[in-house]
Amino acid sequence: MKKFYTIKNHHPIISIINNSLITLPTPSSISFWWNMGSILGICLMIQIITGILLTMHYTPHTDLAFYSVNHIYRNTNMGWFTRTMHANGASMFFLFMYLHVGRNIYYNSYNLIMTWFSGIIILFLLMATAFMGYVLPWGQMSFWGATVITNLFSVIPYIGNDIVQWIWGNFAISNATLNRFFMMHFLLPFILTVFIIIHLVFLHTTGSSNPISINYNMDKIPFHPYFTYKDMLGFIFLFIILLKLMIWNPYLLSDPDNFILANPMVTPIHIQPEWYFLFAYAILRSIPNKMGGVLALLMSILILMIKPFIFNKKTKGNQFYFLNKILFFNFMFNFFILTWLGACPVEYPYVTLSQIFTVSYFLYFFMNSYVSLMWNKFLT
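Residues numbered from 1 in each chain as written. Predicted model: local features only at pLDDT ≥ 70, side-chain atom pairs only at ≥ 80, totals over all residues. Heavy atoms only, no water.

In the annotation of an unreviewed UniProt entry, the entry for the protein chain reads Cytochrome b, and the organism field reads Triaenodes tardus. Check the Subcellular location (unreviewed entry) section of the UniProt entry for the protein chain; it says "Mitochondrion inner membrane". Heading Subunit (unreviewed entry) of the UniProt record for the protein chain holds this comment: "The main subunits of complex b-c1 are: cytochrome b, cytochrome c1 and the Rieske protein." (UniProt positions renumbered as here; feature names shortened; annotations may be inferred.)

Dropping the structure here:
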């Protein structure tokens, strides 16, 4: 086993950095799929820095918000760069977040239970932050998207309508709503940072997982220089994608209706969220009952929490089983199809397809455990 170099007699902060980024024992077998966590850290830094720069020129008022965003893009120094990096950075954040979650599911990394649970909380906070940020430009899709999503709280028995009005700060979405969404969008990234630190503490307490799901200390090597260089390669990959998107087609992932000033009197023909929420939106629309749709929407993320409890520990390394590979890639296929269906009109055959793929999406979490158990019995 390689010798782990340590720094002695130094400041506690330097010791923490040394133990976390230099001498951290890391499985030698982890692949590029383990780079997603560090890439997500860079995404968070990009979003916080560009977000702070944008707040210097943004005005959270229903009469001025739309024009202040336009002013940032057209008139402020490098405003186009800051705004498009912040908007497309959110898409990169979710892209690598979904890849990170997918890798954890495939390689059974959810067995690090506290790390897994803190990660799911981070995902929820990220979704809330992104939703509130989408409202701030005050375009048509921002306004009507906020109307649709906030109205979902009305399904709560007895107090649902009161909660909706409390969130709005009025009897409809208004200036009070925009102000509080702006405040929460500014604060949530810092709360998110706290949970990421907690997430890293749990991760470094237990150590990283690896592709073969076996904790073998003799196989571990220092984090630096082996994985710092690999992480730098991931950062370069992220910046190449982000800069190409910003320069060639900065609004490729944006909705054209959001370039129209919000008008409460005119409803867009087709209301839809950003691409990273479309899979959940398709699940929401697939159920005719409003409460059932909202519960299915919540469960599309909350169901991730049951993975450690339905996993059969006797079948470690079940990602190598052929049937489990089929189930996992079928789950990925469901995710992509639901994302596409979320952008389709609410009509036949899209609603029927959404219902079929919603059932298939949820079935994965139970079939995966069952197939692993049956396959283990077959082998023994």
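(A) Up close: the packing of aromatic side chains. Under the defined criterion, the tally for this structure stands at 36 aromatic pairs. For the pair Y106 and Y107, a centre-to-centre distance of 4.9 Å together with 85° between the ring planes defines the contact as edge-to-face. Here the two residues Y106 and Y107 agree in accessibility, since each one is buried. Across from the ring centre of W34, 4.3 Å away, lies the NZ or CZ of R103, which sits over that ring. (Phe/Tyr/Trp six-rings, centres within 6.5 Å; stacked < 30°, edge-to-face > 60°. Buried < 20%, exposed > 50% of the residue type's maximum accessible area, 1.4 Å probe, protein only. Lys NZ or Arg CZ within 6 Å of the ring centre and 35° of its normal.)

(B) The side chain of T358, seen in detail. As for its placement among the helices and strands, T358 is situated in helix α14 (residues 350-379). The exposure class of T358 is buried, given its relative accessible area of 6%. For T358, the residues in contact, after removing those within four places along its chain, are I283, S286 and L338. (Helix = DSSP H or I, 4+ residues; strand = E, 2+ residues; numbered from the N terminus. Contact = heavy atoms within 4.5 Å.)

(C) Local environment of the nonpolar core. Ranked by size, the top nonpolar core spans 93 residues in total, and within it F279 and L304 carry the most contacts. In terms of residue count, helix α5 (residues 113-135) provides more of this core than any other element does, 12 residues in total. Looking at this core, you find at least three residues from each of domain 1 (18-271) and domain 2 (274-379). With sequence-adjacent residues up to four places away left out, L304 is seen in contact with V101, I105, W116, I120, L123 and F365. (Core = buried A, V, L, I, M, F, W, Y, C linked by side-chain atoms within 4.5 Å. Domains from an automatic or database assignment.)

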